[in-house]
Amino acid sequence: MTEQPTSGATATGKPTSYSRVTLSRIMTAVDVNLYGTVHGGVLMKFVDDVAGAAAARHCGGTAVTAAIDEIVFSEPVRVGDLVHAHAQVNWTGHTSMEVGVRVVAERWDTAEDEPVGVATAYLVFVGVDVSGAPRPVRPVLPETPEDERRYREAEIRREHRLARRRAIQAARGIV
C-alpha cells in the first residue's frame, strides 16, 4: 500500500468503512428513455449523488465532482425496480479522492431473487473549502484485502488519467 500524504489536521485517516453510503430509490415512469428502460442519465445522477455523499462523509465537508473515470452499464433498469447505489472512498491523495460505486436492482416482478448488478463507476472528487478552493483531505485507511485491492487499482486509474492528460497536452504543444 502507498504511503498517504500527511499535513496538519488531515493526517488522521478514516477507515474505508467510514465513507460507505447506500442510497435507494424505486424507478418510475418519469425515469424512462425511448426504449422503455431507465435512462442512463438518471442512473448517472444517482451515481454522482451517492458518490458525493461518500466523499463528503470521508473528507468531513464539501467535495465536488472533478471527473467520472468510468461508468459501465451492465444490465438495463426497469420501471418499478428498487435500485440501490453503494459507494465508498477507494483512494485519497492530497486534495482528491476516488469513490467507487456499485449499483444493483431488485426486480419488482421477482422480488425474492438476488439483486442484479446493473452498473459500476469510478468518480474523482476534490475536497473544497468555503471559497471553493481545493483543500487537503484525510487519508483513507483500507481495512480488508478487498479495500487494499481497490486502493491499488485506484492508483492505476489515477496514473492513467495523469498520463492521458500529459499526452494530450504534449499533442497540443502545451508544456
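Here the structure is a predicted model, which is why all the values come from computation and not from measurement.

Examining the overall build of the chain
Each helix and strand in the chain was counted, giving two helices and seven strands. Along its sequence from the N terminus, the chain presents helices and strands in the succession β-β-α-β-β-β-β-β-α. Out of the 175 residues in the chain, the part that is buried amounts to 37%. Contacts in the chain between residues at least 24 apart in sequence constitute 74% of all its contacts with a sequence separation of at least 6. Accessible area for the chain stands at about 9600 Å²; split by element, carbon and sulfur atoms hold 56% of it.

Observations regarding the packing of aromatic side chains
Summed over all chains, the structure comprises zero aromatic pairs. For the cation-ring pair, Lys14 lies above Tyr18, with the distance from its terminal atom to the ring centre recorded as 4.4 Å. If you follow Arg157 out to its NZ or CZ, it ends over the ring of Tyr122, 3.6 Å from the centre.

Comments concerning the sheet that holds strand 3 (residues 63-73)
Within the open sheet, the five strands sit side by side as 2-4-5-6-3. Their pairing is antiparallel. Of all strands in the sheet, those with a lone pairing partner are strand 2 (21-26) and strand 3, marking the two edges. Direction aside, the axes of adjacent strands within the sheet are offset by 20 degrees on average. The sheet contact formed by strand 4 (residues 82-92) and strand 5 (residues 96-106) spans ten bridges and is antiparallel. Looking at strand 5, one finds that Ala87 is bridged to Val101.

Comments concerning helix 2 (residues 145-171)
The end-to-end C-alpha distance of helix 2, which contains 27 residues, comes to 39 Å, matching closely the 39 Å that a straight helix rising 1.5 Å per residue would cover. Where the residues of helix 2 are buried, they touch strand 3, strand 4, strand 5, strand 6 (116-127) and strand 7 (140-141). With its phi angle positive at about 80 degrees, Gly173 sits one or two positions after the end of helix 2.

Quick notes on a nonpolar patch on the surface
Together, Met44, Ile68 and Phe73 make up an exposed nonpolar region whose accessible area comes to about 250 Å². Within the secondary structure, Met44 is located in helix 1 (residues 40-59). With relative accessibility at 35%, the residue Met44 sits in the partly exposed group.

Here's the deal with the environment of Glu106
Examined against the element boundaries, Glu106 turns out to sit in strand 5. When its relative accessible area of 26% is taken as the criterion, Glu106 is described as partly exposed. Through-space distance from the C-alpha of Glu106 to that of Leu141 is 31 Å; in sequence the pair is 35 residues apart. Those residues within four positions of Glu106 in sequence are excluded, and the remaining contacts are Asp81, Leu82, His84 and Pro115. In this structure the side chain of Glu106 is engaged in a polar contact, spanning 2.5 Å, whose partner is the side chain of His84.

Rules used throughout
- Residues numbered from 1 in each chain as written.
- Predicted model: local features only at pLDDT ≥ 70, side-chain atom pairs only at ≥ 80, totals over all residues.
- Heavy atoms only, no water.
- Helix = DSSP H or I, 4+ residues; strand = E, 2+ residues; numbered from the N terminus.
- Buried < 20%, exposed > 50% of the residue type's maximum accessible area, 1.4 Å probe, protein only.
- Contact = heavy atoms within 4.5 Å.
- Areas by Shrake-Rupley, 256 points an atom, 1.4 Å probe, with all protein chains shown as cover.
- Phe/Tyr/Trp six-rings, centres within 6.5 Å; stacked < 30°, edge-to-face > 60°.
- Lys NZ or Arg CZ within 6 Å of the ring centre and 35° of its normal.
- Pairing = 2+ DSSP bridges.
- Axes fitted to C-alpha atoms, helices over the stretch in contact; angles between N-to-C directions.
- Expected span 1.5 Å × (residues − 1).
- Patch = residues over 30% accessible without salt bridge, like charges linked within 9 Å, V, L, I, M, F, W, Y side chains within 5 Å.
- Salt bridge = Lys/Arg side-chain N within 4 Å of Asp/Glu carboxyl O.
- Polar contact = N/O pair within 3.5 Å; in protein donor to acceptor, adjacent residues only side chain to side chain.

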